[in-house]
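Read off the chains here:
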Amino acid sequence: MPHPSTSFGEELRKRRLEAGLSLTGLSGLVHYSKAQLSKVERGIKAPSRDLARLCDATLGADGGLIALSTPTAVDSPVVSAPGRVEEENWMMQLSPYGPSSFGPVGRRDVVNAGVASLMTWRSDGSNPASPAAGAGMLEASRSLFTHYRRLGQAVEPGLLLPVLITQTHTLRELSAQSDSGTRRRLLALGSRYAEYVGWLVQETGNERAALWWTQRAVDLAAAGGDQALAGYALVRRALVTLYREDAEQTIALARRAQSGVLPSRIRGLAAQREAQGHALAGDSSACLRSLDRARALLTRPNDGADDPVIGSMHLPDPVGMVTGWCLVDPGRPREAGEELDRQLAQVGPDAVRTQVRYGVRRALAYASAGEVDHACELTEPLLDGMTAVRSATVTTDLRRLVRVLARYPDHPLVRRLAPRLGTLSRPNTSLEESPS
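Numbers given to residues run from 1 along each chain, matching the order in which its sequence is written. This being a predicted model, a pLDDT of at least 70 is required before a residue's local features are given, and a value of 80 or more before pairs of side-chain atoms are given or counted; all residues contribute to the totals for chains, interfaces and linings. Hydrogens and water molecules were not included; the side-chain quantities draw on all heavy atoms of the structure.

### Quick look at the overall build of the chain
Alright, step 1. The numbering of helices and of strands both runs from the N terminus, where a helix is a DSSP run of H or I of at least 4 residues and a strand a run of E of at least 2. For the chain, the count of helices and strands is 22 helices and two strands.
Alright, step 2. Burial statistics for the chain: of 436 residues in total, 51% are counted as buried.
Alright, step 3. Residue contacts follow a heavy-atom distance rule, with two residues in contact if any of their heavy atoms lie within 4.5 Å. For the chain, the share of sequence-separated contacts (at least 6 apart) that also reach a separation of at least 24 residues comes to 69%.
Alright, step 4. For the accessible areas, the method is Shrake-Rupley and the probe is 1.4 Å, while residue cover comes only from the protein chains on display. With the model as given, the accessible surface of the chain reaches about 20300 Å², and the carbon-plus-sulfur share is 53%. Relative accessibility under 20% of the residue-type maximum defines a buried residue, over 50% an exposed one, and the middle range a partly exposed one, all with a 1.4 Å probe and only protein chains included.

This is the structure in structure tokens:
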């Protein structure tokens, strides 16, 4: 919870007076009540991050007010790279009643626990896979991967994770029995599966398991001779720090992933993540410069054209969408809403997860700009999609939207949406506690 800040209140009052604004005038620009602004200025009430962002942009503070409202970094620990797990077994429990779980365990632990007595099956490696078998698995798994990613747009992660984890394991095991060329391709595809598993696991709210799977993706890629995926792992780790609202770590991790030796697509995705970090810090200029760099990099030919695309495959203009996303944080919500209007019009109706993820962000933008009716009208059609995809990242923005709408408790549309928004914005403990 934010704590009252005398320094923030004093700086806010100083900048407001320098701008020639009364409390009433500032209230009309940031869409917070005069009484609340007065309490913040006097250090009685803590500023929310949203209020700090709006005041910072309105008064031209260039991130100064945002910095004063930011708590010390104890709430945003550095995300370190997960350690390598050698000789692990992948244990998955599937329940006929719904809940499933996954966990890596060492081979010694498997024997000590007596799990080896359970029904198991695997090749002993004495009969190497034929070239036709390896090629057939590659072709089928590549086609399935595209279908799984499309399906992942419309269903909750728990329905896909068991089959994706199994597919990753199959590719890893078959690679050990294949010739060197086929082995590299199997491991490369397995790394893409593992990376996608990491993203879906993050959508369940389990950061630790998400980072574990990201490291598995890096290990698989490296075993196949591809060192570049380690760069994308930094981009994924930066997404975790972004949702922790740790702008400094997000920027630092994203910059490390922009080495000139990495493929242009990875560097472009890293530049987008850096832009999101600058937006979180309230630095619009640095944010837009990073987005320009991202566009230049992402328009280059794909260095790995034969591999499944790293990153989203459902955004016609990813930089444009991220631009709209970013403009919410430095206090430019109306511009953000207008850009997200343009971008979401290009997203297909089957991409439910994408529609919901950026649609909630758009509703948040319009609500922050004081357009409550429009924000509610945009939110209502998304409710069924939120229930279907069960996204932890969407829930983060949904909670922000709920806080903004809570400032209008007597508004008819807000009152109509409040019960369902309250249910959807609650943490899903069953997902957050599951390893995957």
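### A short note on the environment of Arg 236
Alright, step 1. Its place among the elements puts Arg 236 in helix H11 (residues 229-243).
Alright, step 2. Between the alpha carbons of Arg 236 and Leu 211 there is a distance of 8.0 Å; along the sequence they are 25 residues apart.
Alright, step 3. Apart from the residues lying within four places of it in its own chain, the contact partners of Arg 236 are Glu 195, Gly 198, Trp 199, Gln 202, Ala 210 and Thr 214.
Alright, step 4. Identification of polar contacts relies on pairs of N or O atoms within 3.5 Å, with a donor-acceptor requirement for protein atoms, meaning one able to donate a hydrogen and the other able to accept it, and with residues adjacent in sequence counted only if both atoms are side-chain atoms. In this structure the side chain of Arg 236 is engaged in a polar contact, spanning 2.9 Å, whose partner is the side chain of Gln 202.

### Side note on helix H15 (residues 318-327)
Alright, step 1. Across the 10 residues that make up H15, a large majority, nine, are buried.
Alright, step 2. Every buried residue of H15 is listed here: Val 319, Gly 320, Met 321, Val 322, Thr 323, Gly 324, Trp 325, Cys 326 and Leu 327.

### Some thoughts on the side chain of Ser 425
Alright, step 1. Mapped onto the elements of the fold, Ser 425 is located in the loop between helix H21 (412-424) and helix H22 (429-432).
Alright, step 2. Sequence-distant contacts of Ser 425, that is, excluding residues within four places in its chain, are made with Thr 395, Leu 398, Arg 399 and Val 402.

### Some details on the packing of aromatic side chains
The geometry of two aromatic rings is summed up by the distance between their centres and the angle between their planes.
Alright, step 1. The rule is short: rings of Phe, Tyr and Trp, with Trp giving its six-membered ring, pair when the centres are within 6.5 Å, and they are stacked under 30 degrees, edge-to-face over 60, tilted in between. Under the defined criterion, the tally for this structure stands at six aromatic pairs.
Alright, step 2. Cluster of aromatic residues (ring-pair linked, three or more members): Phe 145, Tyr 148, Tyr 193 and Tyr 196.
Alright, step 3. Our definition puts a charge over a ring when NZ of Lys or CZ of Arg is within 6 Å of the ring centre and also within 35 degrees of the ring normal. It is Arg 361 that lies over the ring of Trp 325; its NZ or CZ is 4.1 Å from the centre.
Alright, step 4. Sitting above the plane of the Tyr 32 ring, Arg 407 keeps its charged end 3.5 Å from the centroid.

### Digging into the confidence of the model for the chain
Any residue range with low pLDDT should be treated as having predicted coordinates unsuitable for detailed reading.
Alright, step 1. How sure the predictor is of each residue is captured by pLDDT, a score from 0 to 100. Averaged over the chain, the pLDDT score is 84; the fraction of residues at 70 or greater is 82%.
Alright, step 2. Within the chain, the lowest mean pLDDT, 38, falls on H22, and the highest, 97, falls on helix H18 (residues 372-379).
Alright, step 3. In the predicted structure, residues 115-119 sits below a pLDDT of 50 and forms three contacts with residues beyond four places in sequence or in another chain.

### Focus: helix H14 (residues 284-298)
Alright, step 1. The terminal C-alpha atoms of H14 lie 21 Å apart, and with 15 residues this matches the ideal 21 Å at 1.5 Å per residue to within 8%.
Alright, step 2. For H14, the set of buried residues is Ser 284, Ala 286, Cys 287, Ser 290, Leu 291, Ala 294 and Leu 297. The buried side chains of H14 occupy one side of the element, clustering within an arc of 160° when seen end-on. Turned more than 90 degrees away from the buried face of H14, the exposed residues are Arg 289 and Asp 292. A helix's residues, less one, multiplied by 1.5 Å, set its expected span. Arc definition: directions from the helix axis to the C-beta atoms.

### Comments concerning the packing of helix H17 (residues 352-368) against helix H20 (residues 392-405)
Alright, step 1. Axis separation between H17 and H20 bottoms out at 9 Å; the angle between their running directions is 20°. In terms of orientation, H17 and H20 fall into the roughly parallel class. In terms of crossing hand, the pair formed by H17 and H20 is left-handed. Along the contact surface, H17 presents Val 356, Arg 357, Val 360, Arg 361, Ala 363, Leu 364, Ala 367 and Ser 368, while H20 presents Thr 393, Val 394, Asp 397, Leu 398, Arg 400, Leu 401, Val 404 and Leu 405.
Alright, step 2. Along the lines of polarity and charge, the residues of the contact of H17 with H20 split into 10 nonpolar, two polar and four charged. Note on definitions: angles span 0 to 180 degrees between N-to-C directions of axes, and those axes are lines fitted to C-alpha atoms, for helices only across the stretch in contact. Roughly parallel means an angle under 35 degrees; roughly antiparallel means over 145; roughly perpendicular covers 65 to 115; every other angle is labelled oblique. Left-handed describes a crossing whose near helix is turned anticlockwise from the far helix by less than a right angle; the clockwise case is right-handed. Any residue that is not Ala, Val, Leu, Ile, Met, Phe, Trp, Tyr, Cys, Pro, Asp, Glu, Lys or Arg is counted as polar, Gly included; the first ten are nonpolar and the last four charged.

### Considering empty space enclosed by the protein
Alright, step 1. Of the two site types, the cavity is a set of points on a 1 Å grid over the protein atoms alone where a 1.4 Å probe fits but cannot get out, and the pocket is an open set with protein on both sides within 12 Å along at least five of seven lines, each lined by residues with an atom within 4 Å of a point. Grid points are joined across faces, edges and corners, and a volume is the space filled by probe spheres set on the points. Evaluation of the coordinates by the stated rule reveals one cavity of 30 Å³ or more.
Alright, step 2. Counted as a void, the largest cavity has a volume near 40 Å³.
Alright, step 3. Asp 50, Arg 53, Leu 54, Val 328, Gly 331, Pro 333, Ser 368 and Arg 400 are the residues that line the largest cavity.
Alright, step 4. Residue composition of the lining of the largest cavity, grouped by class: three nonpolar, two polar and three charged.

### Remarks on the packing of helix H9 (residues 180-203) against helix H10 (residues 207-223)
Alright, step 1. For the pair H9 and H10, interaxial distance at closest approach is 8 Å and the crossing angle is 170°. Between H9 and H10, the interaxial angle falls into the category roughly antiparallel. Taken together, the residues of H10 that come into contact with H9 (itself represented by Arg 183, Leu 187, Gly 190, Ser 191, Ala 194, Glu 195, Val 197, Gly 198, Val 201 and Gln 202) are Ala 209, Ala 210, Trp 213, Arg 216, Ala 217, Leu 220, Ala 221 and Ala 223.
Alright, step 2. A class-by-class count of the residues in the contact of H9 with H10 yields 11 nonpolar, four polar and three charged.

### Notes on the nonpolar core
Alright, step 1. Counting residues in each nonpolar core, the largest one holds 54 residues, and the members touching the most others are Leu 164 and Trp 213.
Alright, step 2. Element by element, the count of residues in this core is highest for H9, at 10 residues.
Alright, step 3. Definition used in this section: a nonpolar core is a set of buried Ala, Val, Leu, Ile, Met, Phe, Trp, Tyr and Cys residues joined via side-chain atoms within 4.5 Å. With 26 residues, the next largest nonpolar core counts Val 360, Ala 365, Val 372 and Leu 424 among its residues.

### Let's talk about the environment of Leu 288
Alright, step 1. Checked against the element boundaries, Leu 288 lands in helix H14.
Alright, step 2. The spatial distance from the C-alpha of Leu 288 to the C-alpha of Thr 323 is 7.8 Å, given a sequence separation of 35 residues.

### Brief notes about the environment of Leu 298
Alright, step 1. With respect to the secondary-structure elements, Leu 298 resides in helix H14.
Alright, step 2. Remark: the alpha-carbon pair of Leu 298 and Val 319, spanning 21 residues in sequence, is separated by 8.5 Å.

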